[in-house]
Amino acid sequence: MTALRLMFVAGASALALSACSPKDKTDEATTSPEATAAAAASTPVTAQPRQTRTVAVDVQGVTEVGATVRVKSVDLAEDATVLDVSISFAGKATNNVEMATNPTYIQLPGGQKLMLKAPEGNPNMNIVNGDTMNGRLVFMGAVPRDAQKITVVFNEGSTSDSIIGPFLRLDVPLNAGAAG
């Protein structure tokens, strides 16, 4: 079994906001702009980081050349979207395929693309005939909170029967089995 090496860079990010509150006119007349700016800068105001939501899914797609991709869950985080996947290959036309030779991304309902962060040690996601890779694919960017589905695209511009990098498109619903 080949290990799918993927990096997940996640963390809470703080968003600094300036405090807004009504002031009376006497404060404005006696406080210089520099003093007002200094006071605002020293007043900590933080936003709540977006909580990661995990959606359990069971979506599978198969290319004509014999690559199978199964999406088991989706982590919807603040700065990245992470798919827990199982990718297998069993075909007679070639000894291996690459599932990220061409652009590989998540397409959002509005058409935006969250690009795949190349897995460390296997940037093209090469898989040998007879093997299965299990791991987490990291896509750079957040899915809108109200999205009902995403579409995962492997090897944009290729064909499903390509023996180098087969094309696969999977619609993944985000409304069933939510956990966390």
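Everything discussed here concerns the structure shown above.
None of these values were measured; they are calculated from a predicted model.

The rules behind the values
Residues numbered from 1 in each chain as written. Predicted model: local features only at pLDDT ≥ 70, side-chain atom pairs only at ≥ 80, totals over all residues. Heavy atoms only, no water. Helix = DSSP H or I, 4+ residues; strand = E, 2+ residues; numbered from the N terminus. Salt bridge = Lys/Arg side-chain N within 4 Å of Asp/Glu carboxyl O. Buried < 20%, exposed > 50% of the residue type's maximum accessible area, 1.4 Å probe, protein only. Core = buried A, V, L, I, M, F, W, Y, C linked by side-chain atoms within 4.5 Å. Contact = heavy atoms within 4.5 Å. Pairing = 2+ DSSP bridges. Axes fitted to C-alpha atoms, helices over the stretch in contact; angles between N-to-C directions.

Q: How do you make sense of the environment of R145 when you look at a structure like this?
A: As for its position among the elements, R145 is in the loop between β9 (132-140) and β10 (149-154). For the pair R145 and A77, spaced 68 residues apart in sequence, the C-alpha to C-alpha distance is 9.9 Å.

Q: Is there a simple way to think about the pattern of salt bridges in this case?
A: Pairing of side chains with opposite charge becomes possible as their charged atoms draw close. Counted under the stated rule, the structure contains four salt bridges. Among the salt bridges present, the one from R70 reaches D58, with a minimum N-O distance of 3.2 Å. In this pair, R70 sits in strand β3 (residues 67-76) while D58 sits in strand β2 (residues 53-62), placing the two residues 12 residues apart along the sequence. Take R70: its relative accessible area is 32%, and that puts it in the partly exposed class. The salt bridge partner of K149 is D171, with a shortest N-O separation of 3.5 Å. Separated by 22 residues along the polypeptide, K149 in strand β10 and D171 in strand β11 (residues 168-173) bring together distant segments of the chain. Residue classification places K149 among the partly exposed positions, given a relative accessible area of 39%.

Q: Help me out: how do you make sense of the nonpolar core in this one?
A: A general tendency of soluble globular proteins is for nonpolar side chains to be buried together. Counting residues in each nonpolar core, the largest one holds 34 residues, and the members touching the most others are V74, L83, M125, I150 and F154. Among the elements of the structure, β2, β3, β4 (80-89), β9, β10 and β11 are those that each provide at least two residues to this core. Sorting elements by how many residues they give to this core places β3 first, with five residues. Dropping the residues within four chain positions of it, L83 is found in contact with V71, S73, V74, I106, G135, R136, L137, F139, I150 and V152.

Q: Can you help me understand the sheet that holds β11 in this one?
A: Where strands meet in a sheet, backbone hydrogen bonds hold them as pairs that are either parallel or antiparallel. Ordered by their spatial adjacency, four strands build an open sheet running β7-β6-β10-β11, and the pairing between neighbours is antiparallel. Each having just a single partner strand, β7 (113-115) and β11 make up the two edges of the open sheet. This sheet shows a mean twist of 25 degrees between the axes of neighbouring strands, independent of strand direction. Direction of pairing for strand β6 (residues 105-107) relative to β10: antiparallel, over a ladder of three bridges. Bridge pairing in β10 links I106 to V152.

Q: Would you mind showing me how to read the environment of P123 here?
A: Along the chain, the position of P123 falls in the loop between β7 and β8 (126-128). Residues P123 and A100 lie 23 residues apart in sequence; the distance between their C-alpha atoms is 7.3 Å. When sequence neighbours within four positions are dropped, the list of residues in contact with P123 reads A100 and A118.

Q: How should the pairing of β10 be read in this particular structure?
A: The two faces of a sheet get side chains in turn, since along a regular strand they alternate between them. By the criterion of burial, β10 is predominantly enclosed, with five of the six residues buried. Judged from the six bridges that link them, β10 and β11 form a sheet pairing that is antiparallel. Opposite F154, over in β11, you have L168 as the bridge partner.

Read these as layout, nothing more, since geometry by itself doesn't imply function.
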